Amino acid sequence: MSDKGKQGRSSFQWNRLMAIVRKEFLQIRRDPASLAIALAMPLLMLLLFGYAVNTDVDHLSMGVWDQAKTAQSRELVQNLTNTGYFDERYQVEGYGELQGLMDSGQIKVGLVIPRDYSKALDTRQPVDVQVLVDGTDPNAARTALANAQLILQNRAMEEQQAQLSAEGLGNVQIPIQVQARVLYNPNMKSLLFNIPALIGLIMQNVTAILTAFAIVRERERGTMEQLIVTPVRPSELIVGKLTPYVLIGMFSFVLVLAAGTAWFGVPVKGSVGLLLILSLLFLVTALAIGILISTVAKTQLQAMQMAFAFILPSVLLSGFIFPRETMPLVIQWIGAVIPLTYFLEILRGIFLKGIGIGQLWQDTVSLAIFAVLFCTVAVLRFRKRLD
């Protein structure tokens, strides 16, 4: 064979790449279940998890033991329920009933108003109002306790002001006035924080799982032998298998993005064009991870197990649920090698803050490094031979 012929067989050729792309599209068309997973599953998961993953704590069921049974005690209960954090579900006549309701999970908060509550207010004497909180869920317990204490303190100040005004002493001026302002998410809705992250997590999981079967499927179907006898290079095979899933993944991402903004009302404050470009970079990274898994796994079952072994740490360590700043330093280092960590910063930055590439360039560079790294390792791992 001439040197020119050898060079043609050893160098990267676009016609061989396009042949692999066409072959992969044909396989996808013959496997409608995989195509349905790629397109419908992200939408279904977004709708499901969009409602399920909610860290807002409100409308906690409350049982009340009002021993005073006066207008002032009822007003106190009304102050709590008017905030929306507490719903009065039961009126009880003793600690035993409160304990039973809390044991069975029917209430999360118990309020005990003493018999001498109104008398103590009239005589300006201190009075103890007891708040019982179910602490099995620490997040809900902390929120309930903090809100109850704040509401009761405000109520105490109102009573004190009313009494001083009645005695002609005027209003007591509070020396420190707090002017608080919440940026980016003024109402502090967890939905605005969770939906962008859910979009990234869902797209990573679906695309990584799809491509995790790409080479394993060839091996199990016996078509790997056909690829072995062709002049297709490992780089051409990897890129050829990635390309259809990149296109399908981007189409699916646009659908999920539209659903997240239209259905859940989460606006994109930044550039949609920049979001699409950086999402393409992340999809290539996630798909390359799936291809890498596919080159290591021997069977589709192994590929599935390895994919899930990657997905779980990415959920816990990327900042999707828990703030990374509160994690031990070693755990933060582990989370730093997960591409989703950087994509979540990009998503939340563009969605909530409206920032651009000037603030996101470090996360973008990190994603680009991961994309090149995983694609390169996948090519090096692939061998055109049966193991």
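Conventions and cut-offs
Residues numbered from 1 in each chain as written. Predicted model: local features only at pLDDT ≥ 70, side-chain atom pairs only at ≥ 80, totals over all residues. Heavy atoms only, no water. UniProt positions renumbered as here; feature names shortened; annotations may be inferred. Helix = DSSP H or I, 4+ residues; strand = E, 2+ residues; numbered from the N terminus. Expected span 1.5 Å × (residues − 1). Buried < 20%, exposed > 50% of the residue type's maximum accessible area, 1.4 Å probe, protein only. Pairing = 2+ DSSP bridges. Right-handed = clockwise from strand over helix to strand, strands pointing away. Phe/Tyr/Trp six-rings, centres within 6.5 Å; stacked < 30°, edge-to-face > 60°. Lys NZ or Arg CZ within 6 Å of the ring centre and 35° of its normal. Patch = residues over 30% accessible without salt bridge, like charges linked within 9 Å, V, L, I, M, F, W, Y side chains within 5 Å. Areas by Shrake-Rupley, 256 points an atom, 1.4 Å probe, with all protein chains shown as cover. Salt bridge = Lys/Arg side-chain N within 4 Å of Asp/Glu carboxyl O.

An unreviewed UniProt entry lists the protein chain under the name Transport permease protein, with Kyrpidia spormannii as the source organism. Quoted verbatim from the Sequence similarities (unreviewed entry) heading of the UniProt record, the comment on the protein chain is "Belongs to the ABC-2 integral membrane protein family." Quoted verbatim from the Subcellular location (unreviewed entry) field of the UniProt record, the comment on the protein chain reads "Cell membrane".

A. Local environment of helix 15 (residues 339–353). With 15 residues, helix 15 should reach 21 Å at 1.5 Å per residue; the first-to-last C-alpha distance of 21 Å fits that figure. Counting buried positions over the 15 residues of helix 15 gives 13, a clear majority of the element. With its phi angle positive at about 70 degrees, glycine 354 sits one or two positions after the end of helix 15.

B. Inspection of the UniProt feature "transmembrane region" (unreviewed entry) in the protein chain at higher detail. As annotated by UniProt and renumbered to match this structure, "transmembrane region" (unreviewed entry) occupies residues 32–53, 191–216, 245–266, 272–294, 306–323, 329–352 and 364–382. Secondary structure across residues 245–266 comprises 82% helix and 0% strand; the distance between its end C-alpha atoms is 27 Å.

C. View of the pairing of strand 2 (residues 86–91). Here strand 1 (residues 60–66) runs beside strand 2; their pairing, made up of 5 bridges, is parallel. Across the sheet, the residue bridging to valine 64 is glutamine 91, located in strand 2. As a crossover connection, the stretch from strand 1 through helix 4 (residues 71–82) into strand 2 is right-handed.

D. Layout of the pairing of strand 1. Among the 7 residues of strand 1, 7 are classified as buried, and the element is accordingly described as predominantly covered. Where strand 1 meets strand 3 (residues 109–113), 5 bridges bridge the pair, whose relative direction is parallel. Note on strand 3: the bridge partner recorded for glycine 63 is glycine 110.

E. Structural view of the packing of aromatic side chains. In this structure the tally under the stated criterion is 5 aromatic pairs. Judged by centre distance (5.1 Å) and plane angle (55 degrees), the rings of tyrosine 51 and phenylalanine 264 are tilted. With a gap of 213 residues between them, tyrosine 51 in helix 3 (residues 32–52) and phenylalanine 264 in the loop between helix 11 (234–262) and helix 12 (272–296) connect regions that are remote in the sequence. A ring pair is formed by tryptophan 65 and tyrosine 95, whose centres lie 5.0 Å apart and whose planes are at 85 degrees; its orientation type is edge-to-face. Highlighted residues: tryptophan 65 in strand 1 and tyrosine 95 in helix 5 (residues 95–103), separated in sequence by 30 residues. Put simply, the rings of Tyr342, Phe370 and Phe374 touch in pairs and so form one group of aromatic residues. Above the plane of the ring of phenylalanine 193 lies arginine 348, whose end atom (NZ or CZ) is 3.6 Å from the centre.

F. A look at a nonpolar patch on the surface. A surface patch of nonpolar side chains, about 520 Å² in accessible area, is lined by Leu329, Val330, Trp333, Ile334 and Val337. Structurally, tryptophan 333 is set in helix 14 (residues 329–335). Tryptophan 333 gets classed as exposed once you look at its relative accessible area, which sits at 54%.

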